[in-house]
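# Breakdown of the fold
Given next are the chains, with one letter for each unit.
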Amino acid sequence: MGARQAGHRWAGFDMLSLLSLTAFFASMPFLLAPLNLLRPLLFQATAEPLLEPLSATPFLAAMALAAMFASLAMLFVCLLKTAYARLGRRLLIAAGGAYLVGMAFTCLARFAPGVPSSLLVVAGAFVGAGGAVLCMAWARRVHLPDLRASLASLVALGAALFVLDALISLAGDAVRAIALLALAAAGTAGCLRGALAQSGAESRSTTSGANWWDVFGKLDLSLLGEGGSDFKSPWSRTLFFIVTPAVVFLLFVSGMNMHHTFYGDFPIEIAGGFVAVACAAVLLLAKSERAVVNAGYRMYLPIIAAVVFVVGDFAMIELRGLFLNVGVYVFCFVYGLLMCAMIITMMSRMESLKLPAACMLVIAACLIAQLSYANIDAGVLGAYRLNVLLFLLVVSVVLLIAMPSSRVWRIVIEGIDVSDGADAPAAETETDADAAKDDIVTLEARCAMVAESCGLTPREAEILRFLGRGYGSVYIADTLVIAESTVRSHVKSIYRKIDVSSREELISRIDEIGETVDKPIAPIG
């Protein structure tokens, strides 16, 4: 339990590391806001007109391809065998050096117009490959197993990034180039400082516990089959895990292309980011993880879409398109923050998931950067881009409302917790074994006190002990040889008698018994 309670902060990150993290991502060209800050520097370096799409520069394509190649290579290693997926000292130092060299050349090229495109291709490749590895190194150190803490950390980080990028955008090109290079250097130094100091321990922890692919391949999503729906079918799984993110991705790319075509002078990457971070902060008022997921996907995001539709109709003609554009940006950004918070929480609870999750996030960021600045001002999409934007927004809202997000989140977390507990390494010494035994006895005693105080039946008390250890309904049903529906009925009864509404509240209540042994829980009713 101590690890989870420590997850309410960036575990192991001191103030210097947090500042380095902020500096790193404030200058990372994988993200749209820093990439847009590089726009005038890149065009001055190549002597191209500023009105050309950013995708026309060789830097962006080289950066995206190199980052995706490095991420796919590491992802392949993770799929092959988790024990091989390590970030050694030499790899980290080489990645940091390549990233710094690439950023230095890109920023300083502003002072030497007419730089050959081939050199920008090399710089982009250095930034992409080195930056991808550094992102993996940052992800390997993250430990935020609580969803609300993950979302709060992302909101705070996003606010800090946009403040820094907004200040840099007000400066001239020369100051902008120097500021971005200084942030990149500070971020790289902080990343290497922490990663190299914990290289050995982190490598062992990343390869310990359950294998991420085995866990996600064995999740029983048929538990979602309420009311006749069967989420065990391949199409239903695809609909939830692939189709909905893909539709939101297309919506975001369409909105960004519309923005660069009609409203290129408006800094949507920073202004829209501030609005999105403020909107996402409202979700922190939810009292549990389930409430965050359920309210976020089924209520809050649809409300944002409804506001975009309604207010857009009453806006002035010349501002209607801009308002719709910003609204779509905010909608997709809040969705992305929620998804990232969920991924961070999952990889914090499963060490073997950290590197694969970082690889997938880097690939997604590069695809967004590449396609957001592509020029699709021709054909059907060019002529009907507003209609396409509205259609994708409606489809996204329908999918979010229809999908049982909170139940999927519960099953995924239960699967991770059960697998991690089942594959935990055995105690190596008698002292460790005795300590583990004492922890189990203490947990058993706490659960017994809760069961007695709240009037649980013997079967409910037995199930409570499994719940306190972190096991899910599937494991409990198999162990006790009873139906899963029976387990769920007992769990609902336990929640009602103890007066909790989620697994997190239940575990917190059990922990409270250990901290205040002389103060038993008052029975409900």
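Residues numbered from 1 in each chain as written. Predicted model: local features only at pLDDT ≥ 70, side-chain atom pairs only at ≥ 80, totals over all residues. Heavy atoms only, no water.

## Topic: the overall build of the chain
For the chain, the count of helices and strands is 23 helices and zero strands. Sorting the 525 residues of the chain into buried and exposed places 50% on the buried side. By sequence separation, contacts in the chain at least 24 residues apart represent 83% of the contacts at least 6 residues apart. When the accessible area of the chain is evaluated, it comes to approximately 23400 Å², of which 66% is carbon and sulfur surface. (Helix = DSSP H or I, 4+ residues; strand = E, 2+ residues; numbered from the N terminus. Buried < 20%, exposed > 50% of the residue type's maximum accessible area, 1.4 Å probe, protein only. Contact = heavy atoms within 4.5 Å. Areas by Shrake-Rupley, 256 points an atom, 1.4 Å probe, with all protein chains shown as cover.)

## Observations concerning unusual backbone geometry
What is expected of a backbone is that most residues other than glycine have negative phi and most peptide bonds are trans. Phi is positive for Val-481, which is not a glycine, with a value near 55°. Of note, Val-481 is situated in the loop between α21 (473-480) and α22 (484-498). Taking the relative accessible area as the measure of exposure, Val-481 reaches 71% and is therefore exposed. Positive phi, normally seen in glycine, also occurs at Asp-499, with a value near 70°. One can find Asp-499 in the loop between α22 and α23 (503-515).

## Considerations on the nonpolar core
If you look at the biggest cluster of nonpolar residues, it comprises 121 residues, and the most contacted ones within it are Phe-30, Leu-301 and Phe-331. Take this core: its biggest share by element is 18 residues, from helix α14 (residues 317-349). Residues within four places of Phe-30 in sequence aside, it is in contact with Met-63, Ala-67, Val-127, Gly-128, Gly-131, Ala-132, Cys-135, Val-362, Ala-365, Cys-366 and Ala-369. Core analysis: the second largest hydrophobic core is formed by 23 residues, Leu-443, Leu-467, Ile-498 and Ile-510 among them. (Core = buried A, V, L, I, M, F, W, Y, C linked by side-chain atoms within 4.5 Å.)

## What to know about a nonpolar patch on the surface
A surface patch of nonpolar side chains, about 900 Å² in accessible area, is lined by Met-299, Ile-303, Val-307, Phe-309, Val-310, Val-311, Phe-314, Phe-323, Val-394 and Val-398. Of all the secondary structure elements, the ones that give two or more residues to the nonpolar patch are α13 (289-314) and α17 (385-402). Structurally, Phe-323 can be placed in helix α14. (Patch = residues over 30% accessible without salt bridge, like charges linked within 9 Å, V, L, I, M, F, W, Y side chains within 5 Å. Salt bridge = Lys/Arg side-chain N within 4 Å of Asp/Glu carboxyl O.)

## Brief notes about the state of the cysteines
This model, assessed by the stated rule, comprises zero disulfides. Here Cys-359 stays free of any disulfide, with the sulfur of Cys-78 as its closest cysteine sulfur at 5.5 Å. With a relative accessible area of 0%, Cys-359 lands in the buried category. (Disulfide = S-S within 2.5 Å.)

## So, α21
Among all positions of α21, only Ser-473, Ile-476, Ala-477 and Leu-480 are buried. The buried residues of α21 occupy an angular sector of 100° when projected down its axis, which confines them to one face. Trailing α21 by a residue or two, Val-481 shows a phi angle of about 55°, which is positive. (Arc of directions from axis to C-beta.)

## Some thoughts on the environment of Leu-361
Relative to the elements of secondary structure, Leu-361 occurs in helix α15 (residues 354-372). Sequence separation between Leu-361 and Ile-343 is 18 residues, and the spatial gap between their C-alpha atoms is 9.1 Å. Excluding residues that lie within four positions of it along the chain, Leu-361 makes contacts with Cys-340 and Ile-343.

## Observations regarding the pattern of salt bridges
According to the stated counting rule, one finds three salt bridges in the structure shown. We note a salt bridge from Arg-349 to Glu-289, for which the minimum N-O separation is 3.3 Å. Linking Arg-349 in helix α14 with Glu-289 in helix α13, this pair joins segments that are 60 residues apart in sequence. Both residues of the pair, Arg-349 and Glu-289, belong to the buried class. For Arg-459, the salt bridge goes to Glu-462, with nearest N and O atoms at 3.1 Å. With a gap of three residues between them, Arg-459 and Glu-462 both fall in helix α20 (residues 458-468), about one helical turn apart. Owing to a relative accessible area of 26%, Glu-462 belongs among the partly exposed residues under this scheme.

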